[in-house]
Amino acid sequence: MEKPLMRKCCNNQIWLVILISFVLCFVLLCFDYSALTGNQDGVTAVLVSNYENSITTQKSESLQFTTSLNETLIGPNRTNFLTRQPSKEQQSVKEKPVADSCSGKYIYIHDLPRRFNQELIESCESITVGTERNICPYLVNSGLGHEVEDLEGVLLNKSWYSTNQFLLAVIFHNKMKQYKCLTNDSSLASAIYVPFYAGLDVGRYLWGVKASIRDQSSFDFVKWMVSQPEWEKMWGRDHFLVVGRISWDFRRQTDNESDWGSKLRFLPESNNMSMLSIESSSWNNDYAIPYPTCFHPSKDSEVLQWQDKMRRKNRPYLFSFAGAPRPDLQDSVRGKIIEECQASKNLCRLQECSYGVNGAITCDNPANVMRLFQNSVYCLQPAGDSYTRRSIFDAILAGCIPVFFHPGTAYAQYKWHLPQNYSKYSVFVPVKDVKDWKAGINETLLRIPEERVVSMREEVIRLIPNIIYADPRSRLETFEDAFDLAVKGILDRIDGVRKVIRNGGDPSAGFADGDDFKYTFSGYVGET
């Protein structure tokens, strides 16, 4: 009885399976395949979205875990170093603007017509150096002159050149081209440098030429200057130029043909500018900067080596003098100095530099001058044809203590480059009237204590970087040379004028006034 029943149940199960299979096939046939075969971009977008949501969720969970771990390890108020998130202080520092190291130092160089500089160089044959020779040979090596042969090792290295003092404008211009804070945007400039080679220009016409010809370039120059948009900013009081002659060469006060120089500095427009020269006048808009020496180092090590050599020098002479008498100058003390030197025998060494073949060669060679000054404790520096002379800086370069006889030779001049306390580096023997000469140089110098001599010499050697012009084709790293100090000085001068304007003052007040007391002996104490 059991077999038929089991057969019936199996048959029923088979039909049930068949029925279910039929239903599934029908459902599959009716299914919308577009869900699987539709737009692939839409599918991709969905996948990417889902992936990003997944990653975001993972990051959120990871950050929650890291934060929890940070708080567990170092506390909630400590630096979050695991997530590398900057602190509020770090964010504040990062958001501050980077300081401009050239702020207040930008200088704009005027692009003058070539006739005011480059054409003067090209016609150098017409410019003399004060004698019968032209200035062309001195223009090589960026205005430094030819390298000097040093067969005896007096000069130490190859940084020495036959430099001419009248080419300071050319040297300064070449150094300015390498200045680290130049700008092509004059609106950003704190100062406007005007590369007019006024000294070379007037040097063509100083002897036997009409005053109108001597002045022509000056008139043309100021006419061009005032037509430039930069002039109106401060009416020229942020402009400056550099010359390689004394300021008096540009301050002819009359139109008499026999009067010396040009009247560039008495033109109203020029009066608003500042001029840097090897010797200033008694007007406030003229500033003195050092004469160029023949030493133009290209790196700091050359300066250090030279200073060290000067410290180690044995100096057998108490004092020395290099120069020529000035019999045509009645007030010159040179004649008396030469007499005392000759009478001092072994204490003094004299090197005469009279014009002529032998004298010119002797004093034009820097090795000869350096040898003399390196062997001397003191170097006598009377006034020359004017108050100052290049020998001042040759002496300092040689580590020789300068002896001055008039405050206008250095103390009233190079205030940006030499210490205000002149007794730190020099000896002052005031001679107001040569007729009352009572100098007694030997006795005066021998009375100075040895400890002060050592201190003065060290100060002189320390000043060497201040009074040299480094090679324009390079740049010193740690020392400030004469160029650097001159730039700082003129920037401070112009900034002072701006402060007057900001405070509602008159910028012309005192800007170009004369100082009748600048070259008097008042306020200067000499050796006793």
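Since the structure is predicted, the reported quantities are computational estimates derived from the model, not experimental observations. (Residues numbered from 1 in each chain as written. Predicted model: local features only at pLDDT ≥ 70, side-chain atom pairs only at ≥ 80, totals over all residues. Heavy atoms only, no water.)

1. Here's the deal with the packing of aromatic side chains
On inspection of all chains with the given rule, the structure shows 25 aromatic pairs. Ring geometry for Tyr-422 against Phe-428: centres 6.3 Å apart, planes inclined by 80 degrees, an arrangement best described as edge-to-face. In this pair, the class of Tyr-422 matches that of Phe-428, namely buried. Clustering of aromatic rings is evident, with ring pairs tying together Phe-404, Tyr-411, Tyr-422, Phe-428, Phe-521 and Tyr-524. (Phe/Tyr/Trp six-rings, centres within 6.5 Å; stacked < 30°, edge-to-face > 60°. Buried < 20%, exposed > 50% of the residue type's maximum accessible area, 1.4 Å probe, protein only.)

2. Quick word on the packing of helix H7 (residues 168-176) against helix H19 (residues 482-502)
Where H7 contacts H19, the axes come no closer than 11 Å and their chain directions differ by 80 degrees. Regarding the angle of H7 to H19, the classification is roughly perpendicular. Between H7 and H19, the residues in contact are Phe-172, Lys-175 and Met-176 and Phe-483, Ala-486 and Val-487, respectively. (Axes fitted to C-alpha atoms, helices over the stretch in contact; angles between N-to-C directions. Helix = DSSP H or I, 4+ residues; strand = E, 2+ residues; numbered from the N terminus. Parallel < 35°, antiparallel > 145°, perpendicular 65-115°, else oblique. Contact = heavy atoms within 4.5 Å.)

3. Structural notes on helix H15 (residues 366-374)
With eight of its nine residues buried, H15 lies for the most part within the structure. Within H15 the residues assigned to the buried category are Pro-366, Ala-367, Asn-368, Val-369, Met-370, Leu-372, Phe-373 and Gln-374.

4. Examining the pattern of salt bridges
Oppositely charged side chains are able to pair whenever their charged atoms sit close together. Following the criterion strictly, the structure yields 19 salt bridges and no others. Among the ionic pairs, Asp-255 bridges to Lys-263, the shortest N-O distance being 3.2 Å. Salt-bridge contacts for Lys-499 lead to Asp-495; the nearest nitrogen and oxygen are separated by 3.7 Å. You can see Lys-499 and its partner Asp-495 sitting in helix H19, four residues apart, about one turn around the helix. Among the residues examined, Lys-499 registers a relative accessible area of 44% and is labelled partly exposed. Via salt bridges that share partners, Asp-215, Arg-252, Asp-255 and Lys-263 belong to a single interconnected network. (Salt bridge = Lys/Arg side-chain N within 4 Å of Asp/Glu carboxyl O.)

5. Observations regarding the sheet that holds strand S2 (residues 191-193)
Here five strands make up an open sheet; going across it, the order is S1-S2-S3-S4-S5 and the pairing parallel. Each of the sheet's edge strands pairs with one partner strand only, and the pair in question is strand S1 (107-109) and strand S5 (286-288). Averaged over all neighbouring strand pairs, the angle between strand axes comes to 25 degrees, with direction disregarded. Two elements, S1 and S2, share three bridges in a ladder whose sense is parallel. In the strand pairing of S2, Tyr-108 is matched with Ile-192. Against the sheet, H7 contacts S1, S2 and strand S3 (239-242), and its axis sits at roughly 125 degrees relative to S3. (Pairing = 2+ DSSP bridges.)

6. Some points on the packing of helix H12 (residues 300-311) against helix H18 (residues 450-462)
Here H12 crosses H18 at 160 degrees, and the two axes come no closer than 10 Å. If you check the angle between H12 and H18, you find them roughly antiparallel. Crossing of H12 against H18: the hand is right-handed. Contacts between H12 and H18 pair Gln-307, Met-310 and Arg-311 from the former with Glu-458, Ile-461 and Arg-462 from the latter. Per-class residue counts for the contact of H12 with H18 are two nonpolar, one polar and three charged. (Left-handed = near helix turned anticlockwise from the far one by under 90°. Nonpolar A, V, L, I, M, F, W, Y, C, P; charged D, E, K, R; others polar.)

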